[in-house]
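# Topology and contacts: notes
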Amino acid sequence: MLRQTPLHAVHRAAGAKMVDFGGWDMPVHYGSQIEEHHAVRRDAGMFDVSHMLPVDLHGAEARAFLRYALANDVDKLTVSGKALYSCMLRPDGGVIDDLIVYFLRDDWFRIVVNAATAEKDLAWLQSLAAKRAPALTLTPRRDLAMIAVQGPRARERVWQALPGSRAASEALKPFMAVEFGEYFIARTGYTGEDGFEVMLPATRAAEFWNALAAAGARPCGLGARDTLRLEAGMNLYGQDMTETENPLESGLAWTVDLKSPRDFVGKAALTAPAKRQLVGLLLLDKGGVLRGHQKIRTAAGEGEMTSGTFSPTLSQSIGLARVPIGVNPGDLVEVEIRDKLLAARVVKPPFARNGKSLVT
Amino acid sequence: MNVPGELKYTDSHEWIRTEPDGTLTIGITDHAQEALGDLVFIELPAVGRKLAAREASAVVESVKAASDVYAPVAGEVVAANNEVVETPEKVNADAYANWFYRLKPGNSADVGKLLDAVAYTKLISEA
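Cut-offs and rules
- Residues numbered from 1 in each chain as written.
- Chains lettered and ligands numbered in written order.
- Predicted model: local features only at pLDDT ≥ 70, side-chain atom pairs only at ≥ 80, totals over all residues.
- Contact = placed C-beta atoms within 7 Å.
- Nonpolar A, V, L, I, M, F, W, Y, C, P; charged D, E, K, R; others polar.
- Axes fitted to C-alpha atoms, helices over the stretch in contact; angles between N-to-C directions.
- Helix = DSSP H or I, 4+ residues; strand = E, 2+ residues; numbered from the N terminus.
- Parallel < 35°, antiparallel > 145°, perpendicular 65-115°, else oblique.
- Left-handed = near helix turned anticlockwise from the far one by under 90°.
- Core = buried A, V, L, I, M, F, W, Y, C linked by C-beta atoms within 7 Å.
- Buried ≥ 20, exposed ≤ 12 C-beta atoms within 10 Å, placed from the backbone.
- Pairing = 2+ DSSP bridges.
- pLDDT = per-residue confidence, 0-100.
- Domains from an automatic or database assignment.

## Observations regarding the interface of chain B and chain A
Across the boundary between the two partners, chain B contributes eight residues, which contact 11 residues of chain A. Along the lines of polarity and charge, the residues of the side of chain B that touches chain A split into four nonpolar, one polar and three charged.

Here it is, written out as structure tokens:
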């Protein structure tokens, strides 16, 4: 039996095509994935991301605990509402999950983790807390729904749909969040566009969704979410990073704090130089579409696609690939697609953001 | 779901129309295009290629997946519709107007073994 978000009936009624996504029955599109993609790059779209799990950490030990549990350093969070992207690592450096952590108060942090990994993450954090921070409480927030409203006009749509929210959220800088009554409004996202991710009581989700639709936010499925995040050069957990690679091999060195003397889980495993790296590929030849698991031939050795798709913004196939160190932006490589070897160029992601192509 | 009564079908979601000259025009069904989503790449067999029944003859890729298109019966490819190669999204707009290729069947009686519209409608409604 697939799990359902509080908006499940709304998606069904809208005629969404539903798919099994990590055990959840989720909308993949509501008609045309490409049109939904363009709506986000050009105007405003909204995504039900209630399958993701917010977890609240309460207690005086919250900050010290997260400084040990996460690869990025939550000491960068000094202002209430500030958010940080981080990986959570195994002792051997493998990525357990990637997440966003919000600092609310000295005794309250909130993390948002991926749907398919939520139970694993909770179990890991609880076992870690039992040893390091026994007084800390971890509260999974399945009572909350989460709606991502993304695009150049996304914030206006939210303000229109939620009276009074403008005054509370207009001054928010990117990667900042604010509480607005029962709503938690964050200027974050997974599309490479401006916008908000809004957490709210599950009981209010349908009402807010319908108000957003009335304000002109187009319902978008996970299909468009994937093409948008790939154009924006953002990794997807389970494809572009897994427990078998460390963040340095997954294009995430920028999220790992190795400078401070702070110890954290997985740090000791990150001292060896990486042998592989994650790069962007732009398919030059016609003859197919880049997809995960395709083999790549480079001058420095073999590699493999981790994600690939057709980019609606570039009208060209793009992807992320794990290749040996020594492959550089601008290099030409070959990708095995069915019975052919097609030429692709190595590029530094992102491919597109804020409505514009960033590669030529 | 649109399943024209005058066409024949396969359980792998191709449609087949018999032309006055006895050749077969082949495409993918409305159900197939909807299941695949927005099409972004189509590869067709070369004219002159001989195909066995159920042989992978063409490729369709949408934003989310790649899929083979199979020859409904044995025969030789006599025409390919480059319009769908240039603009795959036309197949999403009208799957029956935008054909893939034409086949000269090895044995024209083979067409009689394909599904009719009633049987195909039943197949996709059960899926």
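## So, the packing of helix H2 (residues 33–42) of chain A against helix H8 (residues 222–231) of chain A
Geometrically, a packed helix pair is captured by the angle between its two axes and the distance between the axes. All names here are of chain A. For the pair H2 and H8, the least separation of the axes is 8 Å and the interaxial angle reads 55 degrees. With respect to H8, the element H2 is oriented oblique. Crossing hand, H2 versus H8: right-handed. On the side of H2, the interface is formed by Gln33, Glu36, His37 and Val40, while H8 contributes Gly223, Ala224, Thr227 and Leu228. Here the residues of the contact of H2 with H8 are counted per class, giving three nonpolar, four polar and one charged.

## A short note on the nonpolar core
Residues and elements named next belong to chain A. Counting residues in each nonpolar core, the largest one holds 131 residues, and the members touching the most others are Val101, Ile147, Val149 and Val198. When residues in this core are grouped by element, the largest group, eight residues, is from strand S6 (residues 95–105). For valine 149, the residues in contact, after removing those within four places along its chain, are Ala44, Met46, Ala154, Arg157, Val158, Gly195, Phe196, Val198, Leu212 and Ala217.

## As for the sheet that holds strand S19 (residues 340–347) of chain A
Within a sheet, each strand pairs with its neighbour through backbone hydrogen bonds, oriented either parallel or antiparallel. Residue and element names in this part refer to chain A. Read once around its circumference, the closed barrel built from six strands follows the order S14-S17-S16-S15-S18-S19, with strand pairing classed as antiparallel. Across the sheet, the mean angle from the axis of one strand to that of its neighbour is 40 degrees, orientation sign disregarded. Here strand S16 (residues 301–311) runs beside strand S17 (residues 316–324); their pairing, made up of seven bridges, is antiparallel. Paired with glycine 308 across the two strands is glycine 319, which belongs to S17. Where H8 meets the sheet, it contacts S16 and S17, and its direction lies at approximately 125 degrees from that of S16.

## What about unusual backbone geometry?
Residue and element names in this part refer to chain A. Of note, the bond from proline 349 into proline 350 is cis; its omega dihedral lies within 30 degrees of zero at 5 degrees. For proline 350, the location among the structural elements is in the loop between S19 and strand S20 (352–353). Even without being glycine, phenylalanine 175 reaches a positive phi, approximately 65 degrees. Judged by C-beta crowding, with 16 C-beta atoms within 10 Å, phenylalanine 175 ranks as partly exposed. Phi angles above zero are rare outside glycine, and arginine 338 is one such case at about 50 degrees. The residue arginine 338 is located in the loop between strand S18 (332–337) and S19 in this model.

## Here we look at the environment of asparagine 107 of chain B
Secondary-structure assignment places asparagine 107 of chain B in the loop between strand S9 (101–105) and helix H4 (117–126). Put simply, asparagine 107 of chain B and proline 20 of chain B are 87 residues apart on the chain and 16 Å apart in space, counted from C-alpha to C-alpha.

## What to know about the confidence of the model for chain B
For chain B, per-residue confidence averages 96 on the pLDDT scale, and 99% of positions sit at 70 or higher. Taken together, the chains of this predicted complex give a pTM of 0.93 and an interface ipTM of 0.84.

## Section: the pairing of strand S8 (residues 75–80) of chain B
Residues and elements named next belong to chain B. Across two bridges, the pairing between strand S5 (residues 50–51) and S8 is antiparallel. Counted as the bridge partner of lysine 50 is glutamate 76 from S8. Looking at chain direction, S8 and S9 are connected through five bridges and run antiparallel. Bridge pairing links alanine 79 to arginine 102 in S9.

## Regarding the environment of glycine 81 of chain A
All names here are of chain A. Relative to the helices and strands, glycine 81 is located in the loop between helix H3 (62–69) and strand S5 (83–89). With 19 C-beta atoms counted inside 10 Å, the residue glycine 81 sits in the partly exposed group. In contact with glycine 81, not counting residues within four places along its chain, are Tyr102, Met176, Ala177 and Val178.

## Considerations on the sheet that holds strand S11 (residues 183–186) of chain A
Residue and element names in this part refer to chain A. Strand order in the open sheet formed by six strands is S10-S11-S12-S9-S3-S13, and the pairing between neighbours is mixed. Of all the strands in the sheet, just strand S10 (177–180) and strand S13 (218–219) have a single pairing partner and so form its edges. Examined bridge by bridge, S11 and strand S12 (residues 195–201) share three bridges and lie antiparallel to one another. Residue pairing in the sheet places alanine 186 in a bridge with glutamate 197 of S12. Sheet contacts for helix H5 (residues 154–161): strand S9 (144–150) and S12; angle to S12, the most-contacted strand, approximately 30 degrees.

## Here we look at the domain arrangement of chain A
Residues and elements named next belong to chain A. Under the domain assignment, chain A is made up of domain 1 (8–52 + 142–231), domain 2 (53–129) and domain 3 (275–355). Each of domain 1 and domain 3 was reduced to a C-alpha centroid, and the two centroids are 29 Å apart. When residues of the side of domain 1 that touches domain 3 are traced back to their parent elements, those giving at least two are H2 and H8. A per-class count over the side of domain 1 that touches domain 3 returns three nonpolar, four polar and five charged.

## Brief notes about the packing of H3 of chain A against helix H4 (residues 118–132) of chain A
Residues and elements named next belong to chain A. Taken N-terminus to C-terminus, the directions of H3 and H4 make an angle of 120 degrees; their axes are 11 Å apart at the nearest point. In terms of orientation, H3 and H4 fall into the oblique class. Once H3 is placed against H4, the crossing between them reads as right-handed. In this structure, H3 uses Phe65, Tyr68 and Ala69 to contact H4, whose residues at the interface are Leu125, Leu128, Ala129 and Arg132. Counted by class, the contact of H3 with H4 contains six nonpolar, no polar and one charged residues.

## Considerations on the environment of aspartate 56 of chain A
Tracing the sequence through the fold places aspartate 56 of chain A in strand S4 (residues 53–58). C-alpha separation for the pair aspartate 56 of chain A and threonine 139 of chain A, spaced 83 residues apart in sequence, amounts to 5.0 Å.

## Regarding the pairing of S16 of chain A
Residues and elements named next belong to chain A. Within S16, eight of the 11 residues are buried, which leaves the element mostly enclosed by the surrounding structure. Relative to S16, strand S15 (residues 295–298) is paired through four bridges, and the arrangement is antiparallel. Following the sheet pairing, isoleucine 296 is matched in S16 by glycine 303. The antiparallel pairing of S15 with S16 creates a hairpin that spans two residues between the two strands. Hairpin connection of S16 to S17: four residues between the antiparallel strands, including serine 315 at a positive phi of 50 degrees.

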